[in-house]
There are 2 protein chains.
Amino acid sequence: MDYETPLFFHVMEYADAADRDVIDMVSGNPDWEPPEALREGLREYADLEPDRFQYAPSAGLRELRVEIAARRGVDAEQVVVTNGAGEANYLAMARALERDQGDEILLTDPVYPYYPGKTTMLGGTQRFVATDDEGQLDPAAVRAAASDETAAIVVNTPNNPTGAVYRAETMRELVAVAEEYDAILISDEVYDHYDLSGTFASALETDSAHRIVTNAFSKSMAITGVRVGYAIFPPELVADARSRHMLVNVATTRPGQYAVLQALRETGPDYYERNRERLRERVATFTDALEAAGAEYTTPSGSFYVMARFEGYPGTLANVERLIDEAGVAGMPGEAFGDSRSEWLRFALVTPRVEEAAERLAAYFD
Amino acid sequence: MDYETPLFFHVMEYADAADRDVIDMVSGNPDWEPPEALREGLREYADLEPDRFQYAPSAGLRELRVEIAARRGVDAEQVVVTNGAGEANYLAMARALERDQGDEILLTDPVYPYYPGKTTMLGGTQRFVATDDEGQLDPAAVRAAASDETAAIVVNTPNNPTGAVYRAETMRELVAVAEEYDAILISDEVYDHYDLSGTFASALETDSAHRIVTNAFSKSMAITGVRVGYAIFPPELVADARSRHMLVNVATTRPGQYAVLQALRETGPDYYERNRERLRERVATFTDALEAAGAEYTTPSGSFYVMARFEGYPGTLANVERLIDEAGVAGMPGEAFGDSRSEWLRFALVTPRVEEAAERLAAYFD
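This text gives an overview of the structure that appears in the document. (Residues numbered from 1 in each chain as written. Chains lettered and ligands numbered in written order. Predicted model: local features only at pLDDT ≥ 70, side-chain atom pairs only at ≥ 80, totals over all residues. Heavy atoms only, no water.)

### Points about the overall build of chain A
Looking only at helices and strands, chain A has 12 helices and 13 strands in total. For chain A, the C-alpha radius of gyration of 20 Å lies close to 21 Å, the compact-globule estimate for 366 residues. Summarising its shape, the C-alpha atoms of chain A cover approximately 55 × 55 × 40 Å along the three principal directions. Sorting the 366 residues of chain A into buried and exposed places 66% on the buried side. Of all intrachain contacts in chain A linking residues separated by at least 6 positions in sequence, the fraction that spans at least 24 positions is 75%. Approximately 12600 Å² of chain A is accessible, and the part contributed by carbon and sulfur atoms is 44%. (Helix = DSSP H or I, 4+ residues; strand = E, 2+ residues; numbered from the N terminus. Rg over C-alpha atoms; globule rule 2.2 N^0.38 Å. Buried < 20%, exposed > 50% of the residue type's maximum accessible area, 1.4 Å probe, protein only. Contact = heavy atoms within 4.5 Å. Areas by Shrake-Rupley, 256 points an atom, 1.4 Å probe, with all protein chains shown as cover.)

### Details of the environment of B:Phe200
Residues and elements named next belong to chain B. Relative to the helices and strands, phenylalanine 200 is located in the loop between β6 (184-188) and β7 (211-216). A C-alpha to C-alpha distance of 8.6 Å links phenylalanine 200 and glycine 302, two positions 102 residues apart in sequence. Those residues within four positions of phenylalanine 200 in sequence are excluded, and the remaining contacts are Thr157, Pro158, Val165, Glu189, Asp192, Asp195 and Glu205.

### Here's the deal with the packing of helix α8 (residues 238-249) of chain A against helix α4 (residues 84-98) of chain B
Across the interface, α8(A) lies against α4(B) with an axial gap of 6 Å and an inter-helix angle of 90°. The angle between the axes of α8(A) and α4(B) places the two elements in the roughly perpendicular class. Of the residues in α4(B), those in contact with A:Leu247, A:Val248 and A:Asn249 of α8(A) are B:Gly86, B:Glu87 and B:Tyr90. (Axes fitted to C-alpha atoms, helices over the stretch in contact; angles between N-to-C directions. Parallel < 35°, antiparallel > 145°, perpendicular 65-115°, else oblique.)

### What about the relation of the copies chain B and chain A?
For these two chains of identical sequence, chain B goes onto chain A by a turn of 180° and a shift of 0.0 Å along the axis, with RMSD 0.0 Å. The superposition operator between the copies reduces to a two-fold rotation axis. Within chain B, the C-alpha atom positioned nearest to the axis of rotation is that of B:Arg43, 2.5 Å from it. (Least-squares fit on C-alpha atoms with pLDDT ≥ 70 in both.)

### Observations concerning the interface of chain B and chain A
In this complex, chain B contributes 58 residues to the contact, which on the side of chain A involves 58 residues. At the junction of chain B with chain A, the criterion picks out 2 salt bridges. Taking the shortest distance from any N to any O, the salt bridge between B:Arg43 and A:Asp47 comes out at 2.7 Å. Counting across the chain B and chain A interface gives 36 residue pairs in polar contact (both at pLDDT 80 or more). Going through the elements one at a time, α2 (36-46), α4, α5 (114-121), α8 (235-249) and α9 (254-266) of chain B are the ones with two or more residues in the side of chain B that touches chain A. Element by element, the count of residues in the side of chain B that touches chain A is highest for α8(B), at 7 residues. Of the residues that constitute the side of chain B that touches chain A, the class distribution is 29 nonpolar, 14 polar and 15 charged. (Salt bridge = Lys/Arg side-chain N within 4 Å of Asp/Glu carboxyl O. Polar contact = N/O pair within 3.5 Å; in protein donor to acceptor, adjacent residues only side chain to side chain. Nonpolar A, V, L, I, M, F, W, Y, C, P; charged D, E, K, R; others polar.)

### Things to note about the nonpolar core
By size, the foremost hydrophobic cluster in this structure holds 260 residues, and its most contacted members are A:Phe286, A:Phe347, B:Phe286 and B:Phe347. In this view, A:Phe286 contacts A:Met25, A:Val306, A:Phe347, A:Leu349, A:Val354, A:Ala357, A:Ala358 and A:Leu361; residues no more than four positions away in its chain are not counted. (Core = buried A, V, L, I, M, F, W, Y, C linked by side-chain atoms within 4.5 Å.)

### Details of the packing of aromatic side chains
Residues and elements named next belong to chain A. Within the structure shown, the criterion is met by 43 aromatic pairs over all chains. Relative to tyrosine 115, the ring of tyrosine 112 has its centre 5.2 Å away and its plane inclined at 75°; by these criteria the two rings are edge-to-face. Accessibility classification places tyrosine 112 together with tyrosine 115 in one group, the buried group. Between phenylalanine 286 and phenylalanine 347, the ring centres sit 5.7 Å apart and the planes meet at 65°, which makes this aromatic pair edge-to-face. Taken together, the positions of phenylalanine 286 in helix α10 (residues 269-292) and phenylalanine 347 in strand β13 (residues 345-348) put the pair 61 residues apart, joining distant regions of the chain. Look at phenylalanine 286 and you get buried, because its relative accessible area is 0%. (Phe/Tyr/Trp six-rings, centres within 6.5 Å; stacked < 30°, edge-to-face > 60°.)

### Points about the sheet that holds strand β2 (residues 79-82) of chain A
All names here are of chain A. Across the sheet, which stays open at both edges, the 7 strands sit in the order β2-β8-β7-β6-β5-β3-β4 with mixed pairing between neighbours. The open sheet terminates on both sides in strands that have one partner only, identified here as β2 and β4 (125-130). In this sheet, neighbouring strand axes are inclined to one another by 20° on average, regardless of whether the strands run parallel or antiparallel. Contacts from helix α3 (residues 62-72) reach β2, β7 (211-216) and β8 (229-232), with the element oriented near 120° to β2. (Pairing = 2+ DSSP bridges.)

### Description of the side chain of B:Asn249
With respect to the element layout, B:Asn249 can be found in helix α8. Within the local environment of B:Asn249, its side chain forms a polar contact with the side chain of A:Asn249, the two groups lying 2.9 Å apart. If we skip the residues at most four places from it in the chain, B:Asn249 touches A:Asn83, A:Glu87, A:Arg227, A:Asn249, B:Asn83 and B:Glu87.

Here it is, written out as structure tokens:
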């Protein structure tokens, strides 16, 4: 096998093992509270009858699929509840490749490293389309890269790692490119609740048999460990995706589905707004400190991440480990996200200590 | 795509939708209590700090892997905690095929239908080795079917659907055949706690770089819906299996892992023995009634299932649906498990109403 494993867990373990205090900004693990109804849902589940501890329907608890479908404006039959966005993206990419309409997957550069890993694992080939300096993707560049070999175009908005939020017109055009080349646009929208710009547009807004939308409650409810996500397929593509889901995982964890359903029903918009506000404050604090330190940095329109660049300190794994040991700040190497950001480091704003982290960085690079 | 989806969920849905009282004996969903410590583990989890709601290590919670490893006599590094035995078998079969030492998977006839489904999905080819009338597998027949094309031999002991428990010598010989042909024996031992014969032998008893053992807490703790299982790989094979697990699912659900760990630590042997005793009683009750009705049937040495054969009533899906509608008993069609049992029906003894079910069957076929 030659597919690469994303480095997140490696860097987290390195930071954990460090012999000093380290501010963890490696992975997109929220440090804020899950909704109270999520906790309450788990407590309630623990007291249910034994039959509720048995397999949920393979595609997901009916009520949860109905709830998701109503919120997303699709039919419940189009929804498959998955083991997080990770499985949702795996199912979507497998589905696109199984259509035998090409084996190339168009990815962006920079890219969330699970996408190339999944591509290679599934026997597809990769082709990268560069985004601009702000992380925006030009549909014309995607069209220029597309061909009869294109099976899928995989995008992520709001974006990890750039923080870009793609414009509505971009999303429409990406669906159009997928249609033109008989390919599938796969839009991973797991950060949709962390759009800080108010400009987020889902691929679902453009009706098409050529787009699959993936998502999860991992980020929106601060429960990356619970593993409940979903994919929304066009009616033409859902049956085979359900088969693969059944053959790989049988079904998604039921206590998690039960608790997420409770939380969906009982959590008001204030919960999500509070988390966005916290993130806005952290972005301001962290980037102000980077500015004061004279570093280059990105200001995210959405998602959890700020990328920073320090003169003469490229974004390699070795440098990330050195930063953990010598500065006590753990980020991710930019090179893990593709060649275009190899001079950069990515920091996840999932700690209350963002100001301290920026001060440590400023002192270290002074 | 041309891989078949196992019929379990279809039959369960048909039975649920029936316009009459139906005794559900379709799927291996225990109707007994999970361990109290499992429920308590979920309750405790619900009150943990937010960081405990985030990703577990991809291969599983360290303490859970250590606990499993200690019980199975392996190194914790060999253990990958999975989304049930379903994912464990998927990872094991994928790992065997990725060695590029053949693309044929040897399966038994009768077979648990997820195995051929996974084989086709993974691009492998199937070859079936018939078991004897008692469901025992002759290693010489496996050796005769093996070749340079053999990537894996997949067995299930205690067996679904036959109830056979393979002898220790069989397991040793199956490992030997895998070694001779540079293949992998995959031993799915998910019913190990339901060995009613005292003769169960794990493939782990034979040390080898050519065997993978899969298991789950789904049956032993009566929690098929929670989705926590594991695979034990030889040290040489574990790294790539961990990569695939990460790329497909990222990690296994954490509340489930936490609760299973509590239950493993705090549940005594009496819990498991009580469940075996209940099963023994149900086997006796059900087979006595079948005997009185003049039906042919199997008497399981392990697992949850009795197969029965009624003159002139082959084990087709149509006949299973007719039995639901006309007799109020839901089983599985024998043909779903392979040609050799196409005259049979499979009944899961996971209802307190086994006597009533047998009486309904006797009356219907009278």
